[in-house]
Amino acid sequence: MALNLQYVDIGKGFVAQYYALFDDPNSRNSLVNMYNAELSFMTFEGQQIQGAAKILEKLQSLTFQKIERIITAIDSQPMFDGGVLISVLGRLKTDEDQPHAYTQTFVLKPLNGSFFCQHDIFRLALHDH
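None of these values were measured; they are calculated from a predicted model.

## Points about the environment of D95
Item 1. With respect to the helices and strands, the residue D95 is situated in the loop between β4 (84–94) and β5 (100–111).
Item 2. Residue classification places D95 among the partly exposed residues on the basis of a relative accessible area of 27%.
Item 3. In this structure, the C-alpha to C-alpha distance between D95 and A53, residues 42 residues apart in sequence, is 26 Å.
Item 4. D95 has contacts with T63, F64, Q65 and K66, leaving out every residue within four places of it along the chain.
Item 5. Within the structure, D95 has its side chain in polar contact with the backbone nitrogen of Q65 (distance 3.0 Å).

## Overview of a nonpolar patch on the surface
Item 1. On the surface, L3, L5 and F80 cluster together into a nonpolar patch covering about 390 Å² of accessible area.
Item 2. Mapped onto the fold, F80 is located in the loop between β3 (67–78) and β4.
Item 3. What makes F80 exposed here is its relative accessible area of 71%.

## A look at the nonpolar core
Item 1. One finds F14, Y18, F22, Y35, M42, I86 and F106 to be the most contacted residues of the largest nonpolar core, which totals 29 residues.
Item 2. Elements that contribute at least two residues to this core include exactly α1 (7–22), β1 (41–44), α2 (52–61), β4, β5 and β6 (114–124).
Item 3. Those residues in contact with Y35 that lie beyond four places of it in its chain are Y18, S40, M42, A52, I55, C117 and D120.

## Observations regarding α2
Item 1. For α2, the full list of buried residues reads A52, I55, L56, K58 and L59. On an axial view of α2, the arc spanned by its buried residues comes to 160 degrees, and they lie on one face.
Item 2. Where α2 is buried, its residues contact α1, β1 and β2 (47–50).

## Describing unusual backbone geometry
Item 1. In the Ramachandran plot, E45 falls in the positive-phi region, its phi being about 50 degrees despite a non-glycine side chain.
Item 2. In this fold, E45 is placed in the loop between β1 and β2.
Item 3. Positive phi, close to 45 degrees, is recorded for D95, a residue that is not glycine.

Reading the values: rules and limits
Residues numbered from 1 in each chain as written. Predicted model: local features only at pLDDT ≥ 70, side-chain atom pairs only at ≥ 80, totals over all residues. Heavy atoms only, no water. Helix = DSSP H or I, 4+ residues; strand = E, 2+ residues; numbered from the N terminus. Buried < 20%, exposed > 50% of the residue type's maximum accessible area, 1.4 Å probe, protein only. Contact = heavy atoms within 4.5 Å. Polar contact = N/O pair within 3.5 Å; in protein donor to acceptor, adjacent residues only side chain to side chain. Patch = residues over 30% accessible without salt bridge, like charges linked within 9 Å, V, L, I, M, F, W, Y side chains within 5 Å. Areas by Shrake-Rupley, 256 points an atom, 1.4 Å probe, with all protein chains shown as cover. Salt bridge = Lys/Arg side-chain N within 4 Å of Asp/Glu carboxyl O. Core = buried A, V, L, I, M, F, W, Y, C linked by side-chain atoms within 4.5 Å. Arc of directions from axis to C-beta.

Listed below in structure tokens is the structure:
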């Protein structure tokens, strides 16, 4: 499969759609449709999760209701299998917590004319350890 030359637009479009759903607690559960039942992985603050059902459980365990998000940068690269690697740098504030910088990385894999999120790594940029 060839490189997908639309990787920049795909990356920006995916990030906009993903965060629109994630940031609305009433829509967050529908993110499960972006993941594959078996082939998707999420690492959330160091916790490894595999499969859409387990990822949904993690998303449902997040109790914050209000998110203020600023996206600093979205960097995307094409992958040789037609997928897209996406790196997001931003800042978010949940409920009444202090704002924190974060990074999130996605790997989108092509499947039946569309994409699914095969890899999703989220980490707050905390340096207090």
